[in-house]
Amino acid sequence: METILARVITPLGLLAGLLLATGHIGGALALSVAAGACAWLVRSGALQHDLHRSREA
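Residues numbered from 1 in each chain as written. Predicted model: local features only at pLDDT ≥ 70, side-chain atom pairs only at ≥ 80, totals over all residues. Heavy atoms only, no water.

Chemist: What exactly am I supposed to notice about the overall build of the chain here?
Modeler: Per the secondary structure count, the chain includes three helices and zero strands. About 4500 Å² of surface is accessible on the chain, with carbon and sulfur atoms providing 68% of the total. (Helix = DSSP H or I, 4+ residues; strand = E, 2+ residues; numbered from the N terminus. Areas by Shrake-Rupley, 256 points an atom, 1.4 Å probe, with all protein chains shown as cover.)

Chemist: Can you help me understand the environment of S44 in this one?
Modeler: Counting through the fold element by element, S44 comes out in helix α2 (residues 25-44). One polar contact links the side chain of S44 to the main-chain carbonyl oxygen of L41, over a distance of 3.2 Å. (Polar contact = N/O pair within 3.5 Å; in protein donor to acceptor, adjacent residues only side chain to side chain.)

Chemist: Honestly, the environment of I4 in this entry has me stumped. Any pointers?
Modeler: Counting through the fold element by element, I4 comes out in helix α1 (residues 2-21). Judged by its relative accessible area of 44%, I4 is partly exposed. Sequence separation of I4 and R43 is 39 residues, and the distance between their C-alpha atoms is 9.9 Å. (Buried < 20%, exposed > 50% of the residue type's maximum accessible area, 1.4 Å probe, protein only.)

Chemist: Would you explain α2 in this entry?
Modeler: The α-helix winds at 3.6 residues per turn, so residues separated by three or four positions along the chain end up facing the same way. Helix length check: α2, at 20 residues, gives a terminal C-alpha distance of 29 Å against a target of 28 Å (1.5 Å per residue), a fit within 8%. Restricting attention to buried positions, one finds in α2 the residues A28, L31, A35, A39 and V42. Seen from one end, α2 has its buried residues packed into an arc of 75 degrees, which puts them on one side. In α2, the exposed positions angled more than 90 degrees off the buried face are occupied by G26, L29, V33 and W40. Phi turns positive, to about 80 degrees, at G45, one or two residues after α2. (Expected span 1.5 Å × (residues − 1). Arc of directions from axis to C-beta.)

Chemist: When you look at the confidence of the model for the chain in this model, what are you seeing that I'm missing?
Modeler: For residues with low pLDDT, the predicted coordinates do not support detailed interpretation. Residue-level pLDDT values for the chain average 81, and 75% of them are 70 or greater. Across the chain, element-level confidence peaks in α2 with a mean pLDDT of 88 and bottoms out in helix α3 (residues 51-56) with 59. (pLDDT = per-residue confidence, 0-100.)

Written out as structure tokens, the structure is:
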């Protein structure tokens, strides 16, 4: 789980920093929110326990 989290957060953090450094504050904020959402989904285990997929199977 930590490897997936690091692979998701690191590139999004680097892109958010790049956008912030070039003056695109809205893009940096959107990427930060996306990184937070990804981290929350990975840590909660929601990707392994998707209710919609289990109903279809």
